[in-house]
Amino acid sequence: LEFKQDTLSHCSPNTLHLTSEERLENMQHLIKALGLLGDARVDKLHQMTHRLGHMINGDWRRIIYHDATGMEARRFTTFAIGPLSSSFTQQWYYIHNHPWEMRDA
């Protein structure tokens, strides 16, 4: 078992061609990791030192949301972020309009 981290240029039968011009031959399996890398400018803009769930610095009035950093290859139907974003927005909309609920929790 060998781990490689590079960018895939293209594929040919049983061969992966990397952008570093390296060729991986006799390849029978490929695991592609999907995800996004965070942008440090967002942390700086919000003066973020930590997150507690989706709350910036643990403040329930300051919410941040992002795409998932990984994906389960058996469930490509859940790749769309729309349905999750809708329920997330409704949840926090309710909390911001009923702040006593959050304070009581």
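This paragraph deals with the pairing of strand S2 (residues 15-18). Every second residue of S2 is oriented toward a common face, with Thr15 and His17 on one face and Leu16 and Leu18 on the other, all of them buried. Direction of pairing for strand S1 (residues 8-12) relative to S2: antiparallel, over a ladder of four bridges. Looking at the pairing, Ser12 lines up with Thr15 of S2. Connecting S1 to the antiparallel partner S2 that follows it, the hairpin turn spans two residues, and Asn14 within it adopts a positive phi of roughly 60 degrees. As defined by bridge partners, S2 adjoins strand S3 (residues 23-25) across three bridges and the pair is classed as antiparallel. Across the sheet, the residue bridging to His17 is Arg23, located in S3.

Counting five residues, the largest nonpolar core is built from Met55, Trp60, Phe88, Trp92 and Ile95. For this core, the leading source of residues is helix H2 (residues 82-97), giving three residues. Excluding residues that lie within four positions of it along the chain, Phe88 makes contacts with His54, Ile63, Ile64 and Tyr65.

This brings us to the packing of aromatic side chains. Tallied over the full model, the rule gives two aromatic pairs. Ring centres of Tyr65 and Phe88 lie 4.3 Å apart, and the angle between their planes is 20 degrees; on these two criteria the pair is classed as stacked. Taken together, the residues Tyr65 in the loop between strand S5 (55-56) and H2 and Phe88 in helix H2 connect sequence positions 23 residues apart. Given the relative accessible area of 27%, Tyr65 is considered partly exposed. For Phe88, a relative accessible area of 12% gives the class buried.

Conventions and cut-offs
- Residues numbered from 1 in each chain as written.
- Predicted model: local features only at pLDDT ≥ 70, side-chain atom pairs only at ≥ 80, totals over all residues.
- Heavy atoms only, no water.
- Buried < 20%, exposed > 50% of the residue type's maximum accessible area, 1.4 Å probe, protein only.
- Helix = DSSP H or I, 4+ residues; strand = E, 2+ residues; numbered from the N terminus.
- Pairing = 2+ DSSP bridges.
- Core = buried A, V, L, I, M, F, W, Y, C linked by side-chain atoms within 4.5 Å.
- Contact = heavy atoms within 4.5 Å.
- Phe/Tyr/Trp six-rings, centres within 6.5 Å; stacked < 30°, edge-to-face > 60°.

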